[in-house]
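Here are the chains, one letter per residue:
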Amino acid sequence: MNNEDAYTFLTAQKNKTITSLASSFIVLNNLEETEHDTVRRKFSTLREDRREYLKRADITTWNAIPFHTPLKHPRLSTGYQCSDEVMVIGSVSSSQSTSVFEEDFSKPTRKPLRELSTKGLRSRLSSLLTHLEKVAVQENVSSQELSCYLMMLCSQTECDFTTTKFCKEIIAKGSFGPVCNKLTYDKAAFLMDSLEIGKKKYIDLRRLLLSDVQLPVNRILTASANAIPSASNPKRIRISDGLDGSGSHRVYQQATHPNISTKSFILFGFKVISISDTDNKLIWKNPLPNSPFSIRPVAILALQENEDNIRYLMDTLINKESTEITEKGLELTSGFCEVEIQRSQLGGKMAKIISGAGGACCQFCTATFKQIHDPDIVKDGFPINRSITDLKVLFDEVNEEEFLSLSSDNRFNVTHRPISDLEIIPSSPLHAYLRCFGWFLHLISHLHAGVFKWSPTSKRVSDAKTFVTSLIKDNLNIIIDIPSTQGDTTTTGNVVRRCLIRKDDNDQDFLYWVLTVIPSEFKSHIIEIHTCLGAILRVYNSSRRVDTEELALVCSNIYQSILCAFPWANVSPTLHKLLAHAPEIISTFNDGHGLENLSEEGLEASNKYIRRYRDRLARKFSFEENLKDVFVRLISHSDPMLLMNRKFSIPRPPSSQGLRSSQDILVNTLIRDHEDHNDD
């Protein structure tokens with residue numbers, strides 16, 4: 001190659017071509033000596049041409065390019081690999097550019113194997129190890145055991161009886177175990193889901209473990225013989241469904257759908273609560289009713305949580321599917337099975353939209369805001385007298401426009417016709433924890449600030465709340481009411497449980513530090529409210545059989561105590577729903593058991609998986625493909641066969657001998673099934 005050709009060549013290919021050729025020539029130590037000298041002379045000529053080009057073009061900076069550039073030289077067809085060294089060419093001046101290329105490209109010396117590290121040995125012997133693993137799989141042994149056989153054979157040839165004996169002992173012990181332990185399809189799918197790895201990483205893992213564990217390539221959904229006993233005859237399936245909206249999602253604005261916002265999503269899903277036979281005997285019960293892994297997704301839409309979008313979703317999909325499955329049942333191999341749907345997984349906002357009672361204080365009764373603060377009415381109780389069926393009959397009998405034009409009290413705070421065809425159970429056990437704790441924290445802030453008029457947004461109350469939350473953070477390391485990146489706050493269900501559940505009256509817990517910041521005349525009332533409210537919420541969110549008469553008495557007493565001790569405080573709608581209707585809700589809708597299996601906690605927790613899967617495990621070049629990948633992941637991680645592989649434990653309440661707090665004692669009096677808890 002002459003100077004003119006080199007100049008034209010380098011001008012067209014920029015600076016990467018010469019370094020690519022240089023990386024190819026680095027492997028000359030694998031060629032014969034004569035071939036090595038010939039190619040080295042050619043490279044020396046090319047190096048002189050480049051030096052002339054540098055002088056003419058006055059180029060002073062070249063990027064550093066690694067030597068593992070693809071080898072394209074016709075004489076290097078044997079597939080030799082380059083070393084992992086990098087040629088340093090960066091930031092050289094014109095005076096130094098000539099000396100940079102004065103390196104000797106002679107055959108480098110190799111270190112002996114015994115001087116290499118483990119990484120170096122693997123790099124040097126990678127082809128041998130790969131071949132060894134393939135042979136080991138063919139011979140149905142592990143690669144380690146095959147190595148022992150090879151070493152034993154070589155030692156026998158060289159009459160090294162000590163090494164031969166050592167290898168025989170290792171092989172006889174069988175310490176390597178069987179090769180290619182085949183994982184079942186369900187366990188492999190559980191592995192892929194629990195580790196949250198994508199398809200490519202799963203393939204890499206399968207190849208990496210090929211010599212030890214054989215991961216299946218495809219997932220085959222098969223029925224588990226242990227899921228439902230073969231002798232059983234399922235005739236009734238009880239499920240709970242619901243909707244939940246979430247915001248503050250990551251925006252991936254694809255060019256194919258520029259007008260669709262991906263910041264808000266609505267998820268519609270259900271969970272199977274239990275399966276019974278013809279005699280109403282329990283066959284199967286969901287071991288994790290509050291887990292997101294129990295939620296089977298039905299639809300996920302990039303919509304905001306408002307009335308128009310919910311109405312569209314209910315009219316086009318949910319009402320039709322729900323009515324059909326409840327009327328016709330579910331066809332199984334043993335015959336048709338009755339399906340009972342309880343629409344209970346609803347937040348407060350969603351319940352108001354679906355029920356049509358958007359201006360009501362409560363979705364269970366027609367009480368007004370003034371009535372829920374009247375001690376005499378509270379003493380008489382609030383029966384459940386509001387239902388979707390009655391509202392639909394009312395809308396059919398009267399003119400809708402004339403009815404909605406009435407005052408809010410005359411139309412029972414109804415804002416529109418109910419959207420759902422099924423009755424809803426707006427019990428919201430998880431939100432009862434969150435909202436009741438929020439009300440209790442506001443009460444503490446008012447007492448600390450000395451403001452005896454309910455105004456949570458006032459400056460004094462806000463400063464007092466900041467002081468209380470800082471005190472809890474400094475002493476208990478519990479972060480309360482701090483905005484999070486997901487659009488909500490750090491006050492989660494687990495945080496609230498740590499604050500409201502008391503295990504020992506002598507602990508320096510949340511209540512202990514709260515009592516240090518309020519006036520002494522209110523301490524006894526705060527202790528009573530914290531004890532009763534925590535006990536009621538624990539029973540309300542449990543799966544135990546409840547003594548509803550005793551629970552009604554406790555709820556009524558604490559409701560009246562709050563109104564008498566703090567007449568200036570407002571009772572929140574959620575607090576009213578808990579204290580006024582919890583016993584009737586438990587006895588009417590859940591056969592006298594706590595509402596753990598009707599909780600919306602699993603559906604709420606699914607929102608974080610939607611965020612995570614969209615960010616890490618979903619394609620982002622297309623809006624449809626992104627949602628499709630998320631939906632497939634949600635289907636996969638809620639697979640009933642995978643649920644059997646998850647480790648879970650059912651918490652047991654403390655025995656009567658282990659009760660160390662007044663709250664535990666109260667919980668113990670509200671529970672009926674102390675002996676037959678395992679049969680429940």
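Starting from 1, residues in each chain are numbered consecutively following that chain's sequence as written. Since the coordinates come from a predicted model, pLDDT governs what is reported: local features require at least 70, and pairs of side-chain atoms require 80 or more to be given and counted, while whole-chain, interface and lining totals use all residues. No hydrogens and no water enter the side-chain calculation; it runs on all heavy atoms of the structure.

### Focus: the overall build of the protein
Spelled out, the test is: Under the scheme used here, helices are H or I runs from DSSP no shorter than 4 residues and strands are E runs no shorter than 2 residues, and both carry numbers assigned from the N terminus. Relative accessibility under 20% of the residue-type maximum defines a buried residue, over 50% an exposed one, and the middle range a partly exposed one, all with a 1.4 Å probe and only protein chains included. In what follows, a contact means two residues having at least one pair of non-hydrogen atoms within 4.5 Å. The accessible surface values rely on the Shrake-Rupley method and a 1.4 Å probe; as for residues, cover is taken only from the protein chains in view.
Check the secondary structure of the protein and you find 26 helices and eight strands. Within the protein, buried positions represent 44% of all 680 residues. A fraction of 72% describes how many contacts in the protein between residues 6 or more apart in sequence connect residues 24 or more apart. Total accessible area on the protein stands at roughly 36,800 Å², and carbon and sulfur atoms take up 52% of it.

### Regarding helix H18 (residues 493–500)
Rule in force here: The arc in question is traced by the directions running from the helix axis to the C-beta atoms.
Listed in full, the buried residues belonging to H18 are Gly-493, Val-495, Val-496, Cys-499 and Leu-500. When H18 is viewed along its axis, its buried side chains cluster within an angular range of 160° and face the same direction. Looking at the packing, one finds that the buried side of H18 touches helix H16 (429–449), helix H19 (510–514), helix H20 (523–540) and helix H26 (662–670).

### Observations regarding the pattern of salt bridges
Inclusion rule: In what follows, salt bridge is the name for a side-chain nitrogen of Lys or Arg lying within 4 Å of a carboxyl oxygen of Asp or Glu.
On inspection of all chains with the given rule, the structure shows 16 salt bridges. Linking Glu-307 and Arg-311 is a salt bridge whose minimum nitrogen-to-oxygen distance equals 3.1 Å. Of the two residues, Glu-307 and Arg-311 are both situated in helix H11 (residues 307–328); the distance of four residues between them amounts to about one turn of the helix. Taking the shortest distance from any N to any O, the salt bridge between Glu-625 and Arg-619 comes out at 2.8 Å. The class of Glu-625 is buried, set by a relative accessible area of 19%. Assessed through its relative accessible area of 36%, Arg-619 is described here as partly exposed. In this structure, a network of salt bridges that share partners links the residues Arg-619, Glu-625, Lys-628 and Asp-629.

### Points about the confidence of the model for the protein
Rule in force here: Each residue gets a pLDDT score, which is the predictor's confidence in that residue and runs from 0 to 100.
On average, residues of the protein score 76 in pLDDT, and 72% of them reach the 70 mark or higher. Confidence over residues 219–227 falls short of pLDDT 50; this stretch has 16 contacts with residues more than four positions distant or in other chains. Under a pLDDT of 50 for its full length, residues 675–680 has, in the predicted model, eleven contacts with residues more than four places off or in other chains.

### Quick look at the side chain of Asn-413
Along the polypeptide, Asn-413 turns up in the loop between helix H15 (400–404) and H16. Asn-413 gets classed as buried once you look at its relative accessible area, which sits at 11%. Setting aside anything within four residues of it in sequence, one finds Asn-413 in contact with Gly-356, Ala-357, Gly-358, Gly-359, Ala-360 and Ser-408.

### A look at the packing of aromatic side chains
Each aromatic ring pair is summarised here by two numbers: the centre-to-centre distance and the angle between the ring planes. Cut-off, in case you're wondering: Two aromatic rings from Phe, Tyr or Trp, using only the six-membered ring of Trp, form a pair when their centres are within 6.5 Å; if the ring planes differ by under 30 degrees the pair is stacked, by over 60 it is edge-to-face, and anything between is tilted.
Within the structure shown, the criterion is met by twelve aromatic pairs. Arranged with centres 6.4 Å apart and planes meeting at 50°, the rings of Phe-440 and Phe-510 form a pair that is tilted. Here Phe-440, found in helix H16, pairs with Phe-510, found in helix H19; they are 70 residues apart in sequence, far enough to count as distant. Under the relative-accessibility criterion, Phe-440 is labelled buried at 1%. For the pair Tyr-609 and Tyr-613, a centre-to-centre distance of 5.9 Å together with 45° between the ring planes defines the contact as tilted. Taken together, the positions of Tyr-609 and Tyr-613, both in helix H23 (residues 601–616) and four residues apart, correspond to about one turn of that helix.

### Some thoughts on the nonpolar core
To keep it simple, the criterion reads: Throughout, nonpolar core names a set of buried Ala, Val, Leu, Ile, Met, Phe, Trp, Tyr and Cys residues whose side chains join them through atoms within 4.5 Å.
Within the largest apolar cluster, 73 residues are counted, with the highest numbers of intra-cluster contacts made by Leu-443, Ile-480, Phe-510, Ile-526, Tyr-559, Phe-566 and Leu-578. Broken down by element, the residue count for this core peaks at twelve residues, all from H16. Leaving out residues up to four positions away in the same chain, Ile-480 has contacts with Phe-437, Leu-441, Thr-469, Ile-472, Thr-490, Thr-491, Val-495, Cys-499 and Phe-510.

### As for the packing of H16 against H20
Angle between the axes and distance between the axes are the two parameters that describe a pair of packed helices. Condition: The axes used here are C-alpha line fits, helices contributing only the stretch in contact, and every angle between their N-to-C directions lies in the interval 0 to 180 degrees. An angle counts as roughly parallel when it lies under 35 degrees, as roughly antiparallel when it exceeds 145, as roughly perpendicular when it falls between 65 and 115, and as oblique in every other case.
Contact pair H16 / H20: the axes reach a minimum separation of 10 Å and the direction vectors enclose 170°. When the axis of H16 is compared with that of H20, the two are roughly antiparallel. Of H20, the residues touching H16 (which contributes Pro-429, Ala-432, Tyr-433, Cys-436, Trp-439, Phe-440, Leu-443, Ile-444 and Leu-447) are Ile-526, Ile-529, His-530, Leu-533, Leu-537, Arg-538 and Tyr-540.

### Some details on the pairing of strand E5 (residues 282–285)
Rules: Any two strands with at least two DSSP-identified bridges between them are counted as paired.
The pairing of strand E4 (residues 265–277) with E5 spans three bridges and is classified as antiparallel. Residue pairing across strands places Ser-276 opposite Leu-282, the latter belonging to E5. Adjacent in sequence and paired antiparallel, E4 and E5 are bridged by four residues, among which Asn-280 carries a positive phi angle near 60°.

### Notes on the environment of Arg-611
You can see Arg-611 is positioned in helix H23. Accessibility expressed as a relative area gives 16% for Arg-611, which makes it buried. Once the C-alpha coordinates of Arg-611 and Ser-246 are considered, the two residues, 365 residues apart in sequence, prove to be 9.8 Å apart.

### As for the environment of Ala-432
Tracing the sequence through the fold places Ala-432 in helix H16. As a C-alpha pair, Ala-432 and Gly-347 span 85 residues in sequence and 9.8 Å in three-dimensional space. What Ala-432 contacts, discounting residues up to four positions off in sequence, is Leu-537, Tyr-540 and Thr-574.

### Here's the deal with unusual backbone geometry
Backbone geometry at Asn-280 places phi at a positive 60°, although glycine is not the residue there. Among the secondary structure elements, Asn-280 is positioned in the loop between E4 and E5. The class for Asn-280 is exposed, based on a relative accessible area of 54%. Located in the positive-phi region is Asp-481, a residue other than glycine, with phi close to 60°. With respect to the secondary-structure elements, Asp-481 resides in the loop between helix H17 (459–476) and H18. A residue is classified by how much of its surface remains accessible, and Asp-481, at 32% relative accessible area, is partly exposed.

### What about the packing of H20 against H26?
The cut-off we apply is this: Crossing handedness follows the turn of the near helix against the far one: under a right angle anticlockwise gives a left-handed crossing, and clockwise gives a right-handed one. Just so you know the grouping, Ala, Val, Leu, Ile, Met, Phe, Trp, Tyr, Cys and Pro go in nonpolar, Asp, Glu, Lys and Arg go in charged, and all remaining residues, Gly too, go in polar.
Where H20 contacts H26, the axes come no closer than 9 Å and their chain directions differ by 45°. Between H20 and H26, the interaxial angle falls into the category oblique. Relative to H26, H20 is oriented so that their crossing is right-handed. Here His-530, Thr-531, Cys-532, Gly-534, Ala-535, Arg-538 and Val-539 of H20 lie close against H26, whose contacting residues are Ser-662, Gln-663, Asp-664, Leu-666, Val-667 and Leu-670. Taken together, the residues of the contact of H20 with H26 sort by class into six nonpolar, five polar and two charged.

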